[in-house]
Amino acid sequence: MENSITKLINVKGQLMDLSYPQVMGILNVTPDSFYAGSRKQTETEIAERTLQIVSEGGSIIDVGAYSSRSNAEHISAEEEMSRLRHGLEIVSVDTFRADVARMCVEEYGAAIINDIAAGNMDENMFATVARLGVPYIMMHMQGTPQNMQQAPHYDNVLKEVLYYFSEK
């Protein structure tokens, strides 16, 4: 008999089983994200992309309004929230800003925070996520979207990324 451990997280009162892979679909409400096909600006485009993600087996829809592609323009928190307001009947919000995360959870019901900077770009992120009590996805990058491709360097990428997360 196999010894399996079920790993569950509470997402808005529903248990999500992480003992098997979940599919996260990306919905970018940015005009300049990595992949042009993911950029959705109108309510119709946002609704169509959401339905596509679900129909293709997605269990999490991650909405981002701040482009993290190399050399992307830095935008204000106000501009990020303005973009997010178009599609916030969602499950996950992609932001590195604690105040934007808080507004998305409290005002729009976002259920998961996906932080490209693992708290490095906003010192209040961890306290905010803890206070909100929502699942948190921590990402890794060297630098910021504006400079992350200027001189990336790893002596041992696996070791260094694992160490990065162990410090967090």
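To be clear, the structure that these remarks concern was listed above.
Here is what the cut-offs are and how they apply
Residues numbered from 1 in each chain as written. Predicted model: local features only at pLDDT ≥ 70, side-chain atom pairs only at ≥ 80, totals over all residues. Heavy atoms only, no water. Helix = DSSP H or I, 4+ residues; strand = E, 2+ residues; numbered from the N terminus. Rg over C-alpha atoms; globule rule 2.2 N^0.38 Å. Buried < 20%, exposed > 50% of the residue type's maximum accessible area, 1.4 Å probe, protein only. Contact = heavy atoms within 4.5 Å. Areas by Shrake-Rupley, 256 points an atom, 1.4 Å probe, with all protein chains shown as cover. Pairing = 2+ DSSP bridges. Right-handed = clockwise from strand over helix to strand, strands pointing away. Salt bridge = Lys/Arg side-chain N within 4 Å of Asp/Glu carboxyl O.

Asker: Teacher, can you tell me more about the overall build of the protein here?
Answerer: Broken down by element type, the protein carries 5 helices and 7 strands. Reading the secondary structure of the protein in the N-to-C direction produces β-β-β-α-β-α-β-α-β-α-β-α. A compact globule built from 168 residues would reach a C-alpha radius of gyration of about 15 Å, and the protein, at 16 Å, matches this within 12%. Taking all 168 residues of the protein together, 40% fall into the buried category. Across the protein, the fraction of contacts at a sequence separation of at least 24, relative to all contacts at a separation of at least 6, is 50%. Just so you have it, the protein exposes about 9900 Å², and 52% of that area is on carbon and sulfur atoms.

Asker: Sorry, what's going on with the pairing of strand S6 (residues 112–115) here?
Answerer: When a strand is regular, its side chains alternate between the sheet's two faces. Residue alternation in S6 divides its side chains into two sets, Ile112 and Asn114 and Ile113 and Asp115, and both sets are buried. Pairing analysis gives 3 bridges linking S6 to strand S7 (residues 136–138), with the strands arranged parallel. If you follow Asp115 over to S7, its bridge partner there is Met138. Where the polypeptide runs from S6 across helix H4 (residues 125–132) and back to S7, its parallel neighbour, the crossover connection is right-handed.

Asker: Even after reading the chapter, I still don't get the pattern of salt bridges, so can you show me in this structure?
Answerer: Opposite charge on two side chains lets them pair, provided their charged atoms get close. Evaluated as defined, the whole model comprises 4 salt bridges. For Arg69, the salt bridge goes to Asp32, with nearest N and O atoms at 3.6 Å. Here Arg69, found in the loop between strand S4 (60–64) and helix H2 (77–84), pairs with Asp32, found in the loop between strand S3 (24–28) and helix H1 (43–55); they are 37 residues apart in sequence, far enough to count as distant. In this structure, Glu79 engages Arg83 in a salt bridge whose closest nitrogen and oxygen atoms are separated by 3.0 Å.

Purely geometric numbers; function is a separate question.
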